Amino acid sequence: QRAAERFGKESSVLFYKSQAEDREVVMTGGIAKVVIFSFTERGTKQNRYIYRKLKMQGYICEGYAPAKYVMGEEGGVKQLPKKKEDLIRERWGKWAFLFIGAAGIAVRYIAPYVKDKFTDSAVVVADEAGQYVIPLLSGHVGGAAELADQIANLLGAVSVHTTATDVRKKFAADVFAKKNALYITDREAAKRISAAVLDGELIGIYAQGDHAENAVKNSKEMFSDEVCICNTIEEVMKYRYRVILADSFPAIDENTLLLKPKNIIVGLGCRKGISEELLEKGLLEILKKNHLDMNQIEALVSIDLKKEEPAVVSLAEKYKVPFLTYSAEMLNEVEEVSSASSFVKKITGIDNVCERAAVTYCKKHCEYFELIAGKSIETAMTAAIARRNI
């Protein structure tokens, strides 16, 4: 009944706006693409409603239902493909999935593709009456719990969480990491930390660097009684279990979880037609020289001539990071670069693509940033690295 009362009416929801000239939604660490399945007439009404609302918030959506409930392209819902397994396989790990219907249907659809919570798609189930919404798979890392809450808000439904840390309102390292654009370096250590918290063990948390310190300061509401904030490494070492936030830190033991910030912006330049393998190899080498790794990347950026360069697009999809491009005119607004190439300027109109792209992104998206590596050259590609300072 509550859901029916809301159909066709505006909801009080948060709207996401794209950044100025980019006209792209940058949702680092969040869900940007959602596939919605429904199987009944009533469920398909919900499908169309949710599809419309999510699209208004900047999501890329695909809705599917049996042919007899499809109302043409204007309804936003297409006919279920004959080979549904192909659709799911192609989007698995890249899109979130919402099933409007029985949880058992969702389980059977996704079963062949489930691997682990760090790589699985977010999967959410809602009943066709709009009473309950359940994050079924990849609730924290994949964002299913957050998406379920959002959809429940749209429908006036109850979001049903079954994860122990959620139910008992305890600290969850994966939720904390996602909220603060941090990545988990050791999945098993993250599991041990969560288990320790649920067992009532005290854990120490120590932050090194401005980004890390701000993450702790701004997230105190996420810390349950078991979490003890430490000001020095000596203090955190007194605890059997500990979480350390830092760009890099020497290995300690299996009960230490290192969380690294995802605040690295990489400007890319490359030869047309470069292979993904060669591009990835070159980028990994440049990152290694700067004591960084791929998991710390917030965004890949380049000139709009490279917007559909297969190797760059594939690399962004592989590591699940946004890939943004800018026009030559915008890149030329950067006043200074560390080096210039007349050959590159002849081809692109820009004397240094990678460095200008990294700086352009930062000026548009970061309050504070530093260019930590100017143009670096590897075979058939270049890269420049900037760091967001929070």
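Please read all numbers here as calculations on a predicted model, not as lab measurements.

1. Some points on the overall build of the chain
Here is step 1 of the chain: Scanning the chain from terminus to terminus reveals 15 helices and 17 strands.
Here is step 2 of the chain: In summary, the chain has a C-alpha radius of gyration of 23 Å against a globular reference of 21 Å for 390 residues, a match within 12%.
Here is step 3 of the chain: Its C-alpha atoms put the chain at 65 × 55 × 35 Å along the principal axes.
Here is step 4 of the chain: Each of the 390 residues in the chain was classed as buried or not, and the buried ones make up 50%.
Here is step 5 of the chain: Restricting to contacts in the chain with at least 6 residues of sequence separation, those with at least 24 account for 66%.

2. Quick word on helix α2 (residues 41-56)
Here is step 1 of the chain: Taking 1.5 Å per residue, 16 residues should reach 22 Å; α2 reaches 23 Å between its end C-alpha atoms and fits that length.
Here is step 2 of the chain: Regarding α2, the residues found buried are Gly43, Thr44, Gln46, Asn47, Arg48, Tyr49, Ile50, Tyr51, Lys53 and Leu54.
Here is step 3 of the chain: In the segment just after α2, Gly58 is the residue with positive phi, at about 100°.

3. What to know about the sheet that holds strand β15 (residues 323-326)
Here is step 1 of the chain: A sheet is described by the order of its strands in space; here five strands give the open sequence β15-β14-β13-β17-β16, paired in mixed fashion. In this open sheet, the two edge strands, each paired with only one partner strand, are β15 and β16 (368-378). The mean inter-strand angle of the sheet, taken between neighbouring strand axes irrespective of direction, is 25°.
Here is step 2 of the chain: One ladder, built from eight bridges, connects β16 with strand β17 (residues 381-389); its direction is antiparallel. Of the residues in β17, the one forming a bridge with Glu370 is Arg387.
Here is step 3 of the chain: Across the sheet, helix α12 (residues 310-319) touches β13 (264-270), β14 (297-303) and β15, and the angle it forms with β15 is around 140°.

4. Here's the deal with the sheet that holds strand β2 (residues 60-65)
Here is step 1 of the chain: Read across the sheet, seven strands follow the order β3-β2-β1-β4-β5-β6-β7 without closing on themselves; strand pairing throughout is mixed. For this open sheet the edge positions go to β3 (77-79) and β7 (158-159), each flanked by a neighbour on one side alone.
Here is step 2 of the chain: With two bridges joining them, strand β6 (residues 132-137) and β7 adopt parallel strand pairing. Paired with Val133 across the two strands is Ser159, which belongs to β7.
Here is step 3 of the chain: Helix α5 (residues 144-155) contacts β1 (33-38), β4 (96-100), β5 (123-126), β6 and β7 of the sheet and is inclined by roughly 165° relative to β6.

About the criteria used
Residues numbered from 1 in each chain as written. Predicted model: local features only at pLDDT ≥ 70, side-chain atom pairs only at ≥ 80, totals over all residues. Heavy atoms only, no water. Helix = DSSP H or I, 4+ residues; strand = E, 2+ residues; numbered from the N terminus. Rg over C-alpha atoms; globule rule 2.2 N^0.38 Å. Buried < 20%, exposed > 50% of the residue type's maximum accessible area, 1.4 Å probe, protein only. Contact = heavy atoms within 4.5 Å. Expected span 1.5 Å × (residues − 1). Pairing = 2+ DSSP bridges. Axes fitted to C-alpha atoms, helices over the stretch in contact; angles between N-to-C directions.

Shape is all these values report; function is a separate question.
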